[in-house]
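So you can see what is in the structure, the chains are spelled out below.
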Amino acid sequence: MKATKKRNKALLTALTDDERALFRDAVEGITPLTQDRAEIPPTPPSANKIFAKRKAAEVQRSAAIDPFSDIYQPLLPEGTMSWVADGAEPYLAKQLRRGDYAPELTLDLHGYTKIEAKRDLAAAIQLALHDNLTCVCVIHGVGNGVLRQQVPMWLAQHPRVRAFHQAPLEWGGHGALLVIVR
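Focus: helix H5 (residues 114-130)
If you check H5, its first and last C-alpha atoms are 24 Å apart, about what 17 residues at 1.5 Å a residue would give, namely 24 Å. Residues of H5 that are buried sit in contact with strand S2 (105-108), strand S3 (135-139), helix H6 (146-157), strand S4 (161-166) and strand S5 (176-181). Count one or two residues on from H5 and you reach Asn 132, which has phi positive near 55°.

Set out below in C-alpha cells:
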C-alpha cells in the first residue's frame, strides 16, 4: 500500500504544470463513484474440506443402512455352512445345497475390508428385495477366513434373510454362500 502511494506521489511530481492542467480539464464535470469498494466473493472450500465432508456423509449413510453387529454371534453349524431362519421352511437349505435355486444376483467380496463388505452386503440384500430377486450368491472367498466367518453371522442377523447354504461348486463352493431373501 505504501509503495503504491509513493509511486503515485512520484508520478505527480514528475508531471509538468501543463500536464496537470490538461488532466484537470479532462476530468472536469465527472462525478465520482459512490461505491469505491468491490465485494470479494467468498473463497471456495479446500479440496480437503470437501473430501472430509463427503467421507463423513458416506460413513453416516453406511451406518444408517447397516443392520449388522460384529458382537452378536448366532449359533451356526460347524463344517458345511447352512442356516434357516426361524419360521422359514426347513427344506430351503436342502434346496440350496442341491442347486435348485440359481443366483439372480452375485456379490463378490474379494479384497474387501470388513466395513466395505458389511456395507455392500446390506446394499446387495436391499437391491435384491427392491428388484424382487429371491437368490443371491455372496462370494466371500477362503483366504484368511475373516469374511468367511463374518458373512454368515451378518446374514443370520438380517431380518429379510430366510436361509443360506454353502454354494455348490459351480457357484463358488467353500468360498461362497447362496442366500434366499424374502
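With respect to the pairing of S4
Looking along a regular strand, one sees the side chains alternate between the two faces of the sheet. Of all 6 residues in S4, 6 are buried; the element is thus mostly enclosed. In terms of strand pairing, strand S1 (residues 82-84) meets S4 through 3 bridges, oriented antiparallel. The residue bridging Trp 83 from the neighbouring strand is Phe 164, located in S4.

Examining the pairing of S5
Counting buried positions over the 6 residues of S5 gives 6, a clear majority of the element. Burial along S5 is two-sided: the face carrying Ala 176, Leu 178 and Ile 180 and the face carrying Leu 177, Val 179 and Val 181 are both buried. Bridge count for S3 against S5 is 5 bridges, and the pairing is antiparallel. For Val 138, the partnering residue across the bridge sits in S5 and is Leu 177.

What to know about the nonpolar core
Ranked by internal contacts, the top residues of the largest apolar core, which has 40 residues, are Leu 121, Ile 125, Val 151, Leu 155, Val 161, Phe 164 and Val 179. Broken down by secondary-structure element, the contributors of at least two residues to this core are helix H4 (92-98), S2, H5, S3, H6, S4 and S5. At 7 residues, the largest contribution of residues to this core is made by H5. Other than its neighbours up to four places away in sequence, Val 161 contacts Trp 83, Ala 85, Ile 125, Leu 155, Val 179, Ile 180, Val 181 and Arg 182.

Notes on unusual backbone geometry
In this structure, Asn 132 takes a positive phi of about 55° despite not being glycine. Tracing the backbone shows Asn 132 in the loop between H5 and S3. Classification of Asn 132 as exposed rests on a relative accessible area of 67%.

Thresholds applied
- Residues numbered from 1 in each chain as written.
- Predicted model: local features only at pLDDT ≥ 70, side-chain atom pairs only at ≥ 80, totals over all residues.
- Heavy atoms only, no water.
- Helix = DSSP H or I, 4+ residues; strand = E, 2+ residues; numbered from the N terminus.
- Expected span 1.5 Å × (residues − 1).
- Contact = heavy atoms within 4.5 Å.
- Buried < 20%, exposed > 50% of the residue type's maximum accessible area, 1.4 Å probe, protein only.
- Pairing = 2+ DSSP bridges.
- Core = buried A, V, L, I, M, F, W, Y, C linked by side-chain atoms within 4.5 Å.

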